[in-house]
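Read off the chains here:
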Amino acid sequence: MRRQASGLKVNEARWYEFLNSVAKTPGIYFYQDNTLVKREEALVERFLNKHDPWHDPWLLDGAVRESYKLKTVDNKSETLESLIHAIQKHSGTDQKRRNIVTVIDELMLNALISAPRAAAEIGIQPKLGESCLLAAEWTDEQIWVHMQDPWGAFLRDNFAKSFRPLGNHVETHGHSGRGMQIILESCTDLYIGSEPGKLTWVAARFDLVLSNVEHDKVPKRLLLDMP
Amino acid sequence: MTKNSLRLDHQSENGNPVIFFEGSIDEASLLEFKLPTDRPISLDLNNLSRVNSAGIQKWILWTRENTKAKVVTLRRINPSFVRVASITEGLFPSNWDIESFYVPYVNELNSEPEDILYVRDRQFTARELRIPPLVSSNLTQHRLALDVIPEKYFLFLKMRYPGIAIHLPPNL
């Protein structure tokens, strides 16, 4: 099942700034059915249940799944270690572990630090008691990492910032610009969805069986769900 | 209170200080010590397991607070650090030098990963990097294949040594 991305409920100027930035970013493609498509025509796939995108299996039967609650930065390291331990225990992913850990770490940073900060800046106050959910599914061939941002700010503000021209981004972007660059450097596909006012999710896919050289030739996909 | 994710072990070699980094450079790291201004110092990054983007920011701010450090030599730079150093400008001030760094390889026989140390004046200088055409495992003597994309992985050398020539072996 696929749904057409349609309508815009976020700040349009900011949204188009984001899209234009993405379109100019080398290595980012809107990729559908083995064909490059116009960004306005990109369809969303796999997200059968957008309120709980990892509820339905993304991988074939036999995949291992783990979910973790992220509450604050203080429990980030502990959660990260638990997830990595689980992945290592169940599969032979050690060879690509460094890249995967880096990306999960960056997603966590965005969910726990950047997104709440961006939410506060644009007037969406984080609600007390809400936490982020990190989920992962993996086999020996690939791994999916999912992140939920309950403030819905990841895409609306923080992620758009990440794609401003890099230049001397060190001083102008906090950690977010480099964080997104790290994510894009390492994962095969990156999916981002936003449902303003409710939640934002991000999902990253890694192919574990490809060599680094082959991995680099796989186009990254950025499929956007904007109901 | 968040636990410090970075451990720093201060030692001395031939009268000069060496600091061994262990753990992660991230949002929970304390990176505040002052580098000496009267003598050289080496930073050993071999046991640095992880560097995230929040850690990069801390590193850069820390280097800017130590612009008067005499000579800083980075050695045994872990691939975790190399990867972020190759996508971030400004990690190495001009008076900081690179003595050695690790490069990920993979054993062609059993697909086991193995990091190979590139040492200054052997594989590289400030003017050129020569990626060896053939590397053998230190553990099994089997042949190893380069497991990085050279154009991306070695970018940090270009950032520190602008104009450095990178020579790929003929089989890449």
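Before reading further, recall that the structure is shown in the block above.
Summarised in this report is the structure supplied together with it. Quantities reported herein were computed from a predicted structural model and do not represent experimental measurements. (Residues numbered from 1 in each chain as written. Chains lettered and ligands numbered in written order. Predicted model: local features only at pLDDT ≥ 70, side-chain atom pairs only at ≥ 80, totals over all residues. Heavy atoms only, no water.)

The next thing to look at is the overall build of chain B. Along its length, chain B carries four helices and eleven strands. Its C-alpha radius of gyration of 17 Å places chain B within 12% of the 16 Å reference for a compact globule of 172 residues. Dimensions of chain B along its principal axes, counting C-alpha atoms only, are 45 × 35 × 30 Å. Counting only residues that meet the buried cut, chain B has 52% of its 172 residues in that class. For chain B, contacts bridging at least 24 residues in sequence account for 66% of all contacts bridging at least 6. Of note, chain B has its 20 positive side-chain charges centred 5 Å away from the centre of its 20 negative side-chain charges. (Helix = DSSP H or I, 4+ residues; strand = E, 2+ residues; numbered from the N terminus. Rg over C-alpha atoms; globule rule 2.2 N^0.38 Å. Buried < 20%, exposed > 50% of the residue type's maximum accessible area, 1.4 Å probe, protein only. Contact = heavy atoms within 4.5 Å. Lys, Arg positive; Asp, Glu negative; His and termini not counted. Charge placed at Lys NZ, Arg CZ, Asp CG, Glu CD.)

Let's shift gears to the overall build of chain A. When helices and strands are tallied, chain A shows seven helices and eleven strands. The proportion of buried residues among the 227 residues of chain A is 52%. Summarising the internal contacts of chain A: among those between residues at least 6 apart in sequence, 72% fall at separations of at least 24.

Turning next to the pattern of salt bridges. Taken as a whole and assessed by the stated rule, the structure comprises eleven salt bridges over all chains. Of the charged contacts, one joins Asp97(B) and Arg120(B) as a salt bridge, the two residues approaching to 2.8 Å between their closest N and O atoms. Here the residue Asp97(B) occupies a position in strand 5 (residues 96-98), and Arg120(B) occupies one in the loop between strand 7 (113-119) and strand 8 (128-130), the gap between them amounting to 23 residues. For Glu128(B), the salt bridge is made with Arg130(B), and the minimal N-O distance between the two is 3.4 Å. Note on Glu128(B): relative accessible area 28%, which makes it partly exposed. One network of salt bridges, in which partners are shared, links Lys76(A), Asp105(A), Asp26(B), Glu27(B) and Arg50(B). (Salt bridge = Lys/Arg side-chain N within 4 Å of Asp/Glu carboxyl O.)

Once that is clear, we can look at the nonpolar core. Core analysis: the largest hydrophobic core is formed by 48 residues, its most contacted members being Phe21(B), Leu43(B), Trp59(B), Phe101(B) and Tyr118(B). The element best represented in this core is strand 3 (residues 41-51) of chain B, accounting for five residues. Not counting chain neighbours up to four residues away, the residues in contact with Leu43(B) comprise Ile19(B), Phe21(B), Leu35(B), Trp59(B), Trp62(B), Val72(B), Thr73(B), Leu74(B), Arg75(B) and Trp96(B). In this structure, Ile84(A), Ile143(A), Met147(A) and Ala204(A) belong to the second largest nonpolar core, which totals 28 residues. (Core = buried A, V, L, I, M, F, W, Y, C linked by side-chain atoms within 4.5 Å.)

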